[in-house]
Amino acid sequence: MNSHKTYIKRCLQLAKKGLGTTYPNPMVGSVIVYDNKIIGEGWHQIAGLAHAEVNAINAVKDKSLLKKSTIYVSLEPCSHYGKTPPCADLIIANNIPNVVIGTVDPFAKVKGQGIKKLLDAGCKITVGVLEDECQELNKRFFTFHNSKRPYIILKWAESNDAFLAPKTKHKQQPVWITNLVSRQLVHKWRAEEQAILVGTKTVKDDNPSLTTRDWNGPNPTRLVIDRKNVLDKSLSVLNDKAETVVFSENTSNFNNLPQHICEYCHTNNLQSIIVEGGAQTLQHFINANLWDEARVFKGDVMFYEGTKAPLITGSIIHKETLQNDTLTIYTNS
């Protein structure tokens with residue numbers, strides 16, 4: 001069993017390389033082991049291209065060894081035709097006798113069907129190795145399919161005395177609380193998630209672009225709350241650098257806006273969202289208890305008065321110092 005864990009850990013390491021590029025598919029890693037040695041490995045790199053199991057099998061130089069090997073995969077092999085053929089069929093076609101799976105796939109078209117197909121073909125199956133870690137890796141995918149909503153990350157930066165913004169901004173737009181290292185990290189996060197949300201006041205005050213200009217990666221879909229349609233079309237968030245969706249009274253249910261936004265994301269296959277502000281937008285999601293993570297930067301500036309930062313309760317799962325900033329990450333538990 002310990003050797004199973006070792007190889008599933010390797011699957012997870014490989015799978016993580018696909019963060020931000022496999023949507024709407026999950027991140028998956030796979031290794032093939034013969035005589036206690038890895039003879040092939042692979043991961044799902046980009047949606048529409050080969051899955052992890054295909055890449056692992058293709059990496060094996062001596063295909064005759066496959067019929068005496070074990071294939072490890074962090075997520076149940078698919079059993080249906082999507083953009084690529086079923087991986088379960090490929091495993092069967094190559095006569096791989098042993099299959100070790102980290103966790104069952106929550107997607108309705110797979111969910112146990114891949115395992116059933118392999119069992120019916122006579123494969124020996126082991127399921128549930130490092131299951132928690134495998135589900136945590138694909139927390140966006142699991143939340144989307146199990147809870148029918150995107151994985152929600154709240155993110156903000158606050159001054160050392162817990163304000164989002166000073167009372168008076170003068171000419172500086174936006175007022176930077178964090179340093180360049182923290183700001184580049186935020187752009188990396190944007191490349192990893194599918195959507196990013198801001199409210200009207202944030203757009204007016206800061207004129208953000210909400211792109212990944214400081215990181216090499218895809219831009220998220222920009223979701224903008226503009227209840228009264230007051231935002232000027234020349235604002236950066238409304239340019240053509242990335243897709244933008246505007247929620248106004250004409251098109252959206254403002255009685256329960258967080259839930260409405262979640263339903264929109266689920267309908268449009270957006271599996272994750274960063275809520276970047278401002279205070280009112282963040283508080284709406286906190287009040288609705290619609291959040292999974294909160295990533296909070298604290299800078300070393302003092303504002304003394306202004307817009308108070310949200311108050312949040314949750315479990316601290318990570319804390320680090322980025323030069324003179326402190327990053328604290330909470331989970332909603």
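Residues numbered from 1 in each chain as written. Predicted model: local features only at pLDDT ≥ 70, side-chain atom pairs only at ≥ 80, totals over all residues. Heavy atoms only, no water.

### Details of the overall build of the protein chain
When helices and strands are tallied, the protein chain shows ten helices and 15 strands. For the protein chain, the spread of C-alpha atoms along the principal axes amounts to about 70 × 45 × 35 Å. Relative to all contacts within the protein chain whose residues are 6 or more apart in sequence, the contacts with residues 24 or more apart total 71%. Here the protein chain has roughly 16000 Å² of accessible surface; of this, 48% comes from carbon and sulfur atoms. (Helix = DSSP H or I, 4+ residues; strand = E, 2+ residues; numbered from the N terminus. Contact = heavy atoms within 4.5 Å. Areas by Shrake-Rupley, 256 points an atom, 1.4 Å probe, with all protein chains shown as cover.)

### Observations concerning helix 6 (residues 139-147)
A large share of helix 6 lies buried, amounting to seven of its nine residues. Every buried residue belonging to helix 6 is among K139, R140, F141, F142, T143, F144 and H145, and all of these are buried. In the stretch just after helix 6, K148 is the one whose phi turns positive, near 60 degrees. (Buried < 20%, exposed > 50% of the residue type's maximum accessible area, 1.4 Å probe, protein only.)

### Re the side chain of N138
Counting through the fold element by element, N138 comes out in the loop between helix 5 (131-137) and helix 6. We classify N138 as buried; its relative accessible area is 4%. Within the structure, the side chain of N138 is placed 2.8 Å from the backbone oxygen of M27, a separation counted as a polar contact. Apart from residues lying up to four places away in sequence, N138 is in contact with P26 and M27. (Polar contact = N/O pair within 3.5 Å; in protein donor to acceptor, adjacent residues only side chain to side chain.)

### Side note on the nonpolar core
Core analysis: the biggest nonpolar cluster contains 28 residues, and I152, L154, L223, I261 and I273 have the highest contact counts within it. When contributions to this core are tallied by element, the ones reaching two or more residues are strand 6 (151-158), strand 8 (195-198), strand 9 (221-225), strand 10 (244-247), helix 9 (257-267), strand 11 (272-277), helix 10 (279-287) and strand 12 (293-298). Ranked by residue count, the leading element in this core is helix 9, at four residues. In this structure, I152 is in contact with C262, I273, V275, F285, L290, W291, D292 and E293, ignoring residues within four places of it in sequence. (Core = buried A, V, L, I, M, F, W, Y, C linked by side-chain atoms within 4.5 Å.)

### Some points on the sheet that holds strand 9
One open sheet accounts for eight strands, arranged 10-9-8-11-6-12-15-14; its pairing is mixed. Two strands in the sheet have a free side with no partner beyond their single neighbour: strand 10 and strand 14 (315-322). Averaged over all pairs of adjacent strands, the angle between their axes in this sheet comes to 20 degrees, without regard to strand direction. As paired elements, strand 8 and strand 11 share four bridges and run parallel to each other. Note that in strand 11 the partner of V198 across the bridge is G277. The strands that helix 9 touches are strand 6, strand 8, strand 9, strand 10 and strand 11; relative to strand 9, the one it contacts most, it runs at about 155 degrees. (Pairing = 2+ DSSP bridges. Axes fitted to C-alpha atoms, helices over the stretch in contact; angles between N-to-C directions.)

### Points about the pairing of strand 11
Most of strand 11 sits out of view: six of its six residues are buried. Relative to strand 11, strand 6 runs parallel, the two being bridged by four bridges. Residue pairing in the sheet places L154 in a bridge with V275 of strand 11.

### A few points about the domain arrangement of the protein chain
Domain annotation of the protein chain identifies domain 1 (2-142) and domain 2 (148-331). Facing seven residues of domain 1, the contacting portion of domain 2 comprises eleven residues. Taking both sides of the interface into account, the surface hidden between domain 1 and domain 2 amounts to around 830 Å²; carbon and sulfur atoms contribute 50%. If you sort the residues of domain 1 by the area they bury against domain 2, Y23, K139 and R140 come out on top, with a joint share of 63%. Seen at the junction of domain 1 and domain 2, the total is two salt bridges. (Domains from an automatic or database assignment. Buried area = accessible area lost by both parts, 1.4 Å probe. Salt bridge = Lys/Arg side-chain N within 4 Å of Asp/Glu carboxyl O.)

### Some words on empty space enclosed by the protein
For the coordinates displayed, the defined rule picks out two cavities of 30 Å³ or more. Around the largest cavity, the lining comprises 13 residues; the ones closest to its centre are Y23, N25, M27, N138 and R140. Among the residues forming the lining of the largest cavity, the class breakdown is six nonpolar, six polar and one charged. I225, L257, P258, I261, T281, H284 and F285 are the residues that line the second largest cavity. (1 Å grid on protein atoms, 1.4 Å probe; cavity = no way out; pocket = protein on both sides within 12 Å on 5 of 7 lines; lining within 4 Å. Points joined across faces, edges and corners; volume = space filled by probe spheres on them. Nonpolar A, V, L, I, M, F, W, Y, C, P; charged D, E, K, R; others polar.)

### Details of the layout of surface pockets
A volume near 1100 Å³ is recorded for the largest pocket. Lining of the largest pocket is provided by 45 residues; of these, T202, D206, E276, G277 and G278 occupy positions nearest its centre. Every element with two or more residues in the lining of the largest pocket is listed here: strand 6, strand 7 (163-166), helix 7 (180-192), helix 8 (200-206), helix 9, strand 11 and helix 10. Here the lining of the largest pocket is composed, by residue class, of 19 nonpolar, 14 polar and twelve charged.

### Some points on the UniProt feature "active site" (unreviewed entry) in the protein chain
Following the UniProt record, one finds the feature "active site" (unreviewed entry) at E53. Here E53 lies in helix 2 (residues 52-59). Discounting chain neighbours no more than four positions away, the residues touching E53 are S30, I71, V73, L75, P77, C78, C87 and I91. (UniProt positions renumbered as here; feature names shortened; annotations may be inferred.)

### Details of the packing of aromatic side chains
Throughout the structure, instances matching the rule amount to four aromatic pairs. When the ring of Y7 is compared with that of Y72, the centres are 5.0 Å apart and the planes differ by 50 degrees; the resulting orientation is tilted. With Y7 in helix 1 (residues 2-15) and Y72 in strand 3 (residues 70-75), this residue pair connects regions lying 65 residues apart in the sequence. Residues F141 and F142 carry aromatic rings whose centres are separated by 6.4 Å and whose planes lie at 80 degrees to one another, so their mutual orientation is edge-to-face. This pair shows no difference in class: F141 is buried, exactly as F142 is. Over the ring of Y151 we find R140; its NZ or CZ atom is 5.9 Å from the centre of that ring. (Phe/Tyr/Trp six-rings, centres within 6.5 Å; stacked < 30°, edge-to-face > 60°. Lys NZ or Arg CZ within 6 Å of the ring centre and 35° of its normal.)

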